[in-house]
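Report on the structure
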Amino acid sequence: MMRPTAVARWSVQIAAFGLLIYGGFLVKAALGRSVLPGVSAPAGAYSSNTLPQQSIAWAPGDEPAFNFYPPGAACRFNPGGGLFKACIVHMFSENLTWRTPLKYLSLYLFLFVLLAFLFGRAWCGWICPLGTLGDALTGLRRLLHIDHADFSGGFRKALRICSYGILAPTLAVSAFIGMPAFTPYQCYLFLPYCQVCPARLLCPLFGGRTSTLADFTNGISSFLSIASWVVLGLFVAAFFLGRRIWCHLCPIGLVNSWFNRGSPLELRKDQVRCNRCAACADACPMGLDHVVRKKGKAVLNEPGCVLCLRCVDACPRDSCLSVTFWGKQLIQSKYRETHS
Amino acid sequence: MLAPAAGAYAVKGFCAFAPGSVASAENLRMLTVGGTCEEVSATVHAAASWTDGSVKLAEIAFAFEAGRDGPTYFWVEWGSQVRRAKPGPAALQSLSQTLYFEEAEVPSPDFDLGAGTLLVRVERHPDLWYYAYFVPTAAILGLLVWRKARLGR
């Protein structure tokens, strides 16, 4: 029997998945046009629309319904342009390559910062379509009665360091190919993370588009095509066996995590009521145990926490764990005999 | 909104040249970037000259129909073989706003001093709306840092 929070989360995840993937068709049909002007590529520079059609990082000229970059993995390669333009890593990448003046990005940065501040990594736990697909894989594993793998805290920390190791070279390569002397490399390396991102492979597939699955026209594109399939394999294996262990590696989640601690959406613990049963740690899909481990801390928004509220659901103690927004309580744990 | 209104603008800017590279203001013309690289109707005169009479600083003015998105690029082409075919526009003063070149850069390092092209980037008139969004962004980031610091104690 699913708890109300789980029902709410799955409902939001499925609705968000549909809107993010198919919003380009649905919302644009309702609005009749895209909202907000987009930042366009300067003359002579590549964009996701001007790359050759067979390139794996190619969008067929569709404008999104809302032309900005939200937190969470809103993929540029969604069919029909999608609901939003792209993720934050895509935004940094393309605008570093285009050398867009910061003033043109001010509105987009404001919207991203506002939304990331308000909801922190709840974007990862409730909205991200990759997370939704991953949770479906986890559900499949449970149906097959296969145990999930446990990973140590050190391994999770190493993954987080690796996510910096993905983000930093992505931005460096994007800036590098934006220099006039290196623009010929844009046809291979434009949007470097998108080339291997699982969302770039999966999102167009849900729209029935297969042209972006692989490109074997030259050595670099062949290498990137194979690399993207290897990454997709790791993605499936990570979600299937390790629950949301992938989310520790995701560079989009990394950027969102900078806003998690300090966000008005807070996971709180009443230390007096906690009996350290560790039901929260068992339930956490990110493999975190900070909720049971931390002492004397009321707010538990760790960078890795995706605010999925499974810990609140699992906690058997009345009012021990709660979630608040600007201090107003939204949900709290309830007594259950089965876990006491 | 983010982008100022599209429309007609007068564009004015200066380009500096090395001694002897541009003999006369007539040896300099503006071209559109991309496509057929068509000449843009422009007024050019030497705002300053070198002692050998060549152009030191060329003032270039032309009319420009702006779209809504991003900056626009032009080539400035010069050389003894270059002749400006189109005369300058007659009524620049009647246009809605005046824009200025933001930068001019040499596209390749192996250009000939006596003949070549400069890439000119035309920015729109500074628009306060662009910068206004930095105020709430900074406020939110400040609030985030303050709340993090408060939680850390």
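Residues numbered from 1 in each chain as written. Chains lettered and ligands numbered in written order. Predicted model: local features only at pLDDT ≥ 70, side-chain atom pairs only at ≥ 80, totals over all residues. Heavy atoms only, no water.

**Thoughts on the overall build of chain B**
In terms of helices and strands, chain B carries 2 helices and 8 strands. Reading chain B from its N terminus to its C terminus gives the helix and strand order β-β-β-β-β-β-β-β-α-α. Residues classed as buried in chain B amount to 37% of the 153 residues present. Of the contacts formed within chain B by residues at least 6 apart in sequence, a portion of 75% connects residues at least 24 apart. Just so you have it, chain B exposes about 8200 Å², and 60% of that area is on carbon and sulfur atoms. (Helix = DSSP H or I, 4+ residues; strand = E, 2+ residues; numbered from the N terminus. Buried < 20%, exposed > 50% of the residue type's maximum accessible area, 1.4 Å probe, protein only. Contact = heavy atoms within 4.5 Å. Areas by Shrake-Rupley, 256 points an atom, 1.4 Å probe, with all protein chains shown as cover.)

**Comments concerning the sheet that holds strand β2 (residues 321-325) of chain A**
All names here are of chain A. Here we have 3 strands laid out as an open sheet, ordered β1-β2-β3, and antiparallel in their pairing. Unpaired on one side and paired on the other, β1 (265-269) and β3 (328-332) mark the two borders of the sheet. For this sheet, the mean angle separating the axes of adjacent strands, direction not counted, is 30 degrees. (Pairing = 2+ DSSP bridges. Axes fitted to C-alpha atoms, helices over the stretch in contact; angles between N-to-C directions.)

**Remarks on the side chain of Ser222(A)**
Residues and elements named next belong to chain A. Mapped onto the fold, Ser222 is located in helix α10 (residues 219-242). When its relative accessible area of 15% is taken as the criterion, Ser222 is described as buried. Setting aside residues no more than four positions away along its own chain, Ser222 makes contact with Asp215, Phe216 and Thr217.

**With respect to helix α9 (residues 198-206) of chain A**
All names here are of chain A. Most of α9 is tucked away: 7 of the 9 residues are buried. Those residues of α9 that sit buried are Pro198, Ala199, Arg200, Leu201, Leu202, Cys203 and Pro204. Tucked inside the fold, the buried residues of α9 contact α1 (4-31), α5 (129-143), α8 (192-196) and α10.

**So, α1(A)**
All names here are of chain A. Between the first and last C-alpha of α1 there are merely 33 Å, a value that for 28 residues lags more than 12% behind the 40 Å anticipated at 1.5 Å per step. Of all the residues in α1, the buried ones are Thr5, Ala6, Arg9, Gln13, Ala16, Phe17, Leu20, Ile21, Gly23, Gly24, Val27 and Lys28. Contacts made by the buried residues of α1 are with α4 (122-127), α5, α9, α14 (310-314) and β3. (Expected span 1.5 Å × (residues − 1).)

**Digging into the pattern of salt bridges**
Residue and element names in this part refer to chain A. In total, this model carries 12 salt bridges over all chains according to the counting rule given. Asp135 is the salt-bridge partner of Arg244, the closest N and O atoms lying 3.0 Å from each other. One end of the pair, Arg244, is in the loop between α10 and α11 (251-257); the other, Asp135, is in helix α5, with 109 residues separating them in the sequence. Under the relative-accessibility criterion, Arg244 is labelled buried at 1%. Overall, the relative accessible area of 4% leaves Asp135 in the buried class. By sharing partners, the salt bridges in this structure join Asp135, Arg244 and Arg310 into a single network. (Salt bridge = Lys/Arg side-chain N within 4 Å of Asp/Glu carboxyl O.)

**As for the environment of Arg209(A)**
Structurally, the position occupied by Arg209(A) is in the loop between α9 and α10. Sequence-wise, Arg209(A) and Phe77(A) are 132 residues apart; in three dimensions their C-alpha atoms are separated by 9.6 Å.

**Concerning the environment of Thr72(B)**
All names here are of chain B. The topology assignment puts Thr72 in strand β6 (residues 72-78). When the C-alpha positions of Thr72 and Arg121 are compared, they lie 5.9 Å apart, and in sequence the two are 49 residues distant. Not counting residues up to four positions away in its chain, the partners in contact with Thr72 are Phe64, Val120, Arg121 and Val122.

**Things to note about the packing of α1(A) against α5(A)**
Two quantities define a packed helix pair, namely the angle between the helix axes and the distance between the axes. All names here are of chain A. It is the contact of α1 with α5, at a shortest axis distance of 9 Å, that shows an interaxial angle of 130 degrees. With respect to α5, the axis of α1 lies oblique. Between α1 and α5 lies a crossing whose hand is left-handed. Where α1 approaches α5, its residues Trp10, Gln13, Phe17 and Leu20 are matched on the opposing element by Pro129, Gly131, Thr132, Leu133, Asp135 and Ala136. (Parallel < 35°, antiparallel > 145°, perpendicular 65-115°, else oblique. Left-handed = near helix turned anticlockwise from the far one by under 90°.)

**Side note on the confidence of the model for chain B**
Residues and elements named next belong to chain B. Put simply, chain B has an average pLDDT of 75, and 66% of its residues get 70 or more. Looking across chain B, the model is least confident in strand β7 (residues 97-105), with a mean pLDDT of 61, and most confident in helix α2 (residues 134-152), with 92. Counting contacts from residues 1-5, a segment whose pLDDT is below 50, to residues more than four positions away or on other chains yields 16 contacts. Listed scores for the predicted complex are pTM 0.74 and ipTM 0.85. (pLDDT = per-residue confidence, 0-100.)

**Digging into the nonpolar core**
In this structure, Trp246(A), Leu267(A) and Leu321(A) are the most contacted members of the largest nonpolar core, which totals 98 residues. In contact with Trp246(A), not counting residues within four places along its chain, are Pro198(A), Val231(A), Leu234(A), Phe235(A), Ala238(A) and Phe239(A). Formed by 21 residues, the second largest nonpolar core is a distinct cluster that contains Cys15(B), Met30(B), Val55(B) and Ala58(B). (Core = buried A, V, L, I, M, F, W, Y, C linked by side-chain atoms within 4.5 Å.)

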